[in-house]
Amino acid sequence: TTTVPETTTTVAESTTTTTVDLAAAEAVMREQIAEMIAEVERITQKDFAYEPAVIIGTPEEMRDRLAELIAQDTTEEDLQIEESFLVSLGAITPDRDWVAEAIENSAGGVVGFYDPDTEELWVTNRGTEFGPYALSVVVHELQHALQDQLWDLSEFDYLYDEGRYEEYEALT
């Protein structure tokens, strides 16, 4: 039996810092959004009454905004029902702060959303420009903004309030 002596190698860490011009990156993204607005109008053959407000936020800003929306749209009773359901499935234990976890987990994966109450389209900034997937999300959310301008999506809130979620989702 041959024993190889242990050796320790120390390599100096090299750090590369990339500086991104955030203003230039946002300008590129806004140009991409303008192109997508024109494309949505061309494909749908409908024009926006006005350009939708687009907020390009960091993942943290997106998480915070989603938390605000959940807080304003969810009652304590809704949360208790959901928690009881999740506990009965064994998906969570009663001592977990599942609401905070859900916000954190969903915000990490949310690329964009349209808020018909504020008429704002939120998009997450994860770089210097939108890649193909993010652009497809922008187009999808722009379609919601156009639908809202044409048909006022808030008129369908009663479906959600009545628990008719599939109908609500189909229309909004």
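Cut-offs applied
- Residues numbered from 1 in each chain as written.
- Predicted model: local features only at pLDDT ≥ 70, side-chain atom pairs only at ≥ 80, totals over all residues.
- Heavy atoms only, no water.
- Pairing = 2+ DSSP bridges.
- Helix = DSSP H or I, 4+ residues; strand = E, 2+ residues; numbered from the N terminus.
- Axes fitted to C-alpha atoms, helices over the stretch in contact; angles between N-to-C directions.
- Core = buried A, V, L, I, M, F, W, Y, C linked by side-chain atoms within 4.5 Å.
- Buried < 20%, exposed > 50% of the residue type's maximum accessible area, 1.4 Å probe, protein only.
- Contact = heavy atoms within 4.5 Å.
- Lys, Arg positive; Asp, Glu negative; His and termini not counted.
- Salt bridge = Lys/Arg side-chain N within 4 Å of Asp/Glu carboxyl O.

So what's going on with the sheet that holds strand E1 (residues 53-57)? Residues and values would help.
Read from one edge to the other, the open sheet built from 3 strands follows the order E1-E3-E2, with strand pairing classed as mixed. Edge positions in the sheet fall to E1 and strand E2 (112-115), since each of these pairs with one other strand and no more. Recorded for the sheet is a direction-independent mean angle of 20 degrees between the axes of neighbouring strands. Here E1 pairs with strand E3 (residues 120-124) via 5 bridges, running parallel. What sits directly across from Val54, in E3, is Leu121.

Tell me about the nonpolar core, and please be specific about residues and values.
Ranked by size, the top nonpolar core spans 21 residues in total, and within it Ile33, Phe48, Phe130, Val138 and Leu142 carry the most contacts. For this core, the element with the highest residue contribution is helix H5 (residues 132-151), accounting for 7 residues. Leaving out residues up to four positions away in the same chain, Ile33 has contacts with Val54, Ile56, Phe130, Val138 and Leu142. Counting residues in hydrophobic clusters, the runner-up holds 6 residues, among them Met62, Leu66, Leu69 and Val110.

With reference to specific residues and values, describe the environment of Glu169.
Take Glu169: it is sitting in helix H7 (residues 165-171). Through-space distance from the C-alpha of Glu169 to that of Phe156 is 9.6 Å; in sequence the pair is 13 residues apart.

Summarise the side chain of Glu141; cite the residues concerned and give the values.
Looking at where Glu141 falls in the secondary structure, it is placed in helix H5. Arg126 provides the closest opposite charge to the buried, salt-bridge-free Glu141, at an N-O distance of 12 Å. Other than its neighbours up to four places away in sequence, Glu141 contacts Gly112, Phe113, Tyr114 and Leu121.

Explain the environment of Pro52 to me, and be specific about the residues and the numbers.
Topologically, Pro52 is positioned in the loop between helix H1 (22-44) and E1. Remark: the alpha-carbon pair of Pro52 and Glu120, spanning 68 residues in sequence, is separated by 6.7 Å. In this structure, Pro52 is in contact with Ile37, Leu142, Ala145 and Gln149, ignoring residues within four places of it in sequence.

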